[in-house]
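Fold and contact review
Spelled out from the first residue to the last, the chains are:
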Amino acid sequence: MKKEYPRLSYHIECTDEVKQSVVNTMGTFQDIVAEKCVEYFERYRRRTFVTPKSYLSFIGGYKAIYKEKFANVGSLSERMRTGLAKLMEAEVSVNQLSKELVVKEEDLVVASKKADEVLVEVTMKAQAAEKVKMQVQKVKDKAQAIVDDIAIDKAAAEEKLEAARPALEEAEAALQDSITGETVELLEPYLDMEDYNLETAKKVCGNVAGLCSWTQAMAYFYGINKEVLPLKANLALQEGRLAAAQTELNNAQIQLDEKQMELDRVQAMYDSAMKEKQALLDDAEACKRKMNNATALIEGLGGEKLRWTASSKNFQNQIINLVGNVLLATGFLSYSGPFNQEYRNLLLQLWKKEMDNSKIPYSNDLNLTGMLVDNATVGEWNLQGLPNDDLSIQNGIIVTKASRYPLLIDPQGQGKIWIKNKEKNNGLQVNS
């Protein structure tokens, strides 16, 4: 009658057929070990047993180890996939940046040509404007000199006129008529007389005193007015010249401002073209730096890409083979402890044969020691007193990894020394 084994209610990365084969093979492992227990006793007189508890421990150990190894391999595989994805992104980025750089360089050529054309226009207009500015500046300087000279003459005329103003006003206030130069000449003999004045006239004849005063005032007015009239005429002339010179100066300044505005416009055009060119240049340089960095990354990791690709593929194979590798590792931890090296190897051979028959995948080059413990830990065990041979290392793995407490047969005391050193910082209690 065919034996029925409990189902393995746990997710493993395999087909349903392989999963059922694993369940059945677990039972077969237990049966093989049971047979070898009898054979081992007959040969070495060392009795060992397997029980239902052993089988349940086997199943529990399988779940725990599979979960641990699957997470570890899955993490490494994901890191490899992430690295490869980043490299692929970098390659795509380089291709895209290359296309963008071509466009940017074409735009830069157009912008450079535009800037050069504007520069030629700016240079021509600047030269023309500078020439006009020089001409206008000469006119302006000439007009300014005239304005300055006229201002001096005007100031002098105004100063003289201002000095004569009180006398002129006094004479004008005393007059009821005009007088000529001929009349003044006729009056001069009388005016030169010492007693020809108002006081003397009043003493001689009070009725003619006013006439004496009037003739004196008329002569005085004529003298003052004779001097003031040329000043007024000159002032009017200078004011006319000043107005004309000022108009010429203003016109020159207007022309100068217009040329400066024209020069400012073309300069602004050039500045804008140069700004656009510089922006395109900076953009192209940034794009080129990104592309160079990505290219350097790709080239620097070219060898790594091959290794990562191979590693990623290897991790996928490890995940596929994990179902069988963990089965062998868990069988080793659960059942091989009581046996010597010969029987441990024999059990592994028989288990692999059964797995081949059941088409359960596993790694042909599987190293159980390397799978269950790392070299750093083994080195630490050796420093703690564990011998460096394969059997001792396997025993160390069983002691630290098995789900049940092991009983050590240790005639030389090597295991005892190792355990005491290993656990001395963990509160180990030793009973003599």
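Residues numbered from 1 in each chain as written. Predicted model: local features only at pLDDT ≥ 70, side-chain atom pairs only at ≥ 80, totals over all residues. Heavy atoms only, no water.

1. Focus on the overall build of the protein chain
Applied cut-off: Secondary structure elements are defined from DSSP: runs of H or I of at least 4 residues count as helices, runs of E of at least 2 residues count as strands, and each element is numbered from the N terminus. For the exposure calls, accessible area comes from a 1.4 Å probe over protein chains only, and a residue counts as buried if that area is under 20% of its type's maximum, exposed if over 50%, partly exposed in between. Residues are treated as being in contact if the distance between any of their heavy atoms lies within 4.5 Å. Note on areas: these come from Shrake-Rupley sampling with a 1.4 Å probe, and a residue is covered only by the protein chains present in the view.
Within the protein chain, the secondary structure is distributed over 11 helices and 0 strands. When burial is assessed residue by residue, the protein chain has 32% of its 432 residues classed as buried. Long-range pairs, those at least 24 residues apart, make up 81% of the contacts in the protein chain with a sequence separation of at least 6. Per element, the accessible surface of the protein chain, about 27500 Å² overall, is 54% carbon and sulfur.

2. A short note on the environment of I150
As for its placement among the helices and strands, I150 is situated in helix α2 (residues 52-174). Judged by relative accessible area, I150 falls into the buried class, the value being 0%. For I150 and R241, which are 91 residues apart along the polypeptide, the C-alpha to C-alpha distance reads 7.2 Å. Ignoring any residue separated from it by four or fewer positions in sequence, one finds I150 in contact with Q238, R241, L242 and A245.

3. Topic: a negative patch on the surface
As a reminder, the rule being used: Here a patch means residues that are over 30% exposed by relative accessible area and free of salt bridges, tied together within 9 Å if like-charged and within 5 Å if nonpolar (Val, Leu, Ile, Met, Phe, Trp, Tyr). By convention in these notes, a salt bridge is any Lys or Arg side-chain nitrogen within 4 Å of a carboxyl oxygen on Asp or Glu. Charge counting treats Lys and Arg as positive and Asp and Glu as negative, with His and both chain ends excluded. To locate a charge, the coordinates of NZ of Lys, CZ of Arg, CG of Asp or CD of Glu are taken.
A cluster of like negative charges, contributed by E105, E106, D107, D282 and E285, occupies part of the molecular surface. When contributions to the negative patch are tallied by element, the ones reaching two or more residues are α2 and α5 (209-300). Locating D107 in the fold gives a position in helix α2.

4. Here we look at the nonpolar core
For the record, the criterion: The term nonpolar core refers to a set of buried residues drawn from Ala, Val, Leu, Ile, Met, Phe, Trp, Tyr and Cys, joined through side-chain atoms within 4.5 Å.
Core analysis: the biggest nonpolar cluster contains 45 residues, and V22, M26, Y62, L327, L328 and W351 have the highest contact counts within it. Every element with two or more residues in this core is listed here: α1 (16-44), α2, α6 (302-335), α7 (341-357), α8 (368-372), α9 (375-383) and α10 (390-401). When residues in this core are grouped by element, the largest group, 9 residues, is from α6. V122, L263, V266 and Y270 belong to the second-largest nonpolar core, a separate cluster that totals 8 residues.

5. Comments concerning unusual backbone geometry
Unusually for a residue other than glycine, R45 sits at a positive phi of about 60°. With respect to the helices and strands, R45 occurs in the loop between α1 and α2. Phi is positive for K359, close to 60°, though the residue is something other than glycine. Along the chain, the position of K359 falls in the loop between α7 and α8. Judged by relative accessible area, which is 66%, K359 ranks as exposed.

6. Examining the pattern of salt bridges
Across all of its chains, the model carries 3 salt bridges by this definition. For the salt bridge of E342 with R43, the shortest nitrogen-to-oxygen distance reads 2.9 Å. With a gap of 299 residues between them, E342 in helix α7 and R43 in helix α1 connect regions that are remote in the sequence. The exposure class of E342 is partly exposed, given its relative accessible area of 40%. Between E423 and K422 there is a salt bridge; the shortest N-O distance is 3.1 Å.

7. As for the side chain of S21
The following threshold applies: Polar contacts, as used here, are pairs of N or O atoms within 3.5 Å; protein pairs need one atom able to donate a hydrogen and one able to accept it. Residues neighboring in sequence count only if both atoms are side-chain atoms.
Inspection of the secondary structure puts S21 in helix α1. Separated by 3.5 Å, the side chain of S21 and the backbone oxygen of S358 make a polar contact. In this view, S21 contacts S358 and I360; residues no more than four positions away in its chain are not counted.

8. What about the packing of aromatic side chains?
Ring pairs (aromatic) are described by centroid distance and by the angle formed between their planes. Note the cut-off: In this scheme Phe, Tyr and Trp rings, the latter by its six-membered ring, pair at centre separations within 6.5 Å, and the angle between planes marks the pair as stacked below 30 degrees, edge-to-face above 60, and tilted otherwise.
Inspection of every chain in the model, using the stated rule, returns 12 aromatic pairs. For the ring pair Y62 and Y66, a centre distance of 6.0 Å and an interplane angle of 20° mean the geometry is stacked. Here Y62 and its partner Y66 are both found in helix α2, 4 residues apart, which amounts to about one turn of the helix. Each member of the pair Y62 and Y66 is classed as buried. Put simply, the rings of F29, F58, Y335 and W351 touch in pairs and so form one group of aromatic residues.

9. Digging into the confidence of the model for the protein chain
Parts of the prediction with low pLDDT should not have their coordinates interpreted in detail. Applicable threshold: Think of pLDDT as the predictor's per-residue confidence, scored from 0 to 100.
Per-residue confidence for the protein chain averages 80 on the pLDDT scale, and 86% of its residues sit at or above 70. Averaged pLDDT values for the elements of the protein chain fall to 72 in helix α4 (residues 198-204) and rise to 94 in α7. Across residues 1-7, confidence stays below pLDDT 50; counting only partners more than four residues off in sequence or on other chains, it has 12 contacts.

10. Section: the environment of E17
Inspection of the secondary structure assignment puts E17 in helix α1. Overall, E17 belongs to the exposed group, its relative accessible area being 57%. Residues E17 and I360 lie 343 residues apart in sequence; the distance between their C-alpha atoms is 9.3 Å.

11. As for the side chain of T48
Tracing the backbone shows T48 in the loop between α1 and α2. Those residues within four positions of T48 in sequence are excluded, and the remaining contacts are C37, P338 and F339.

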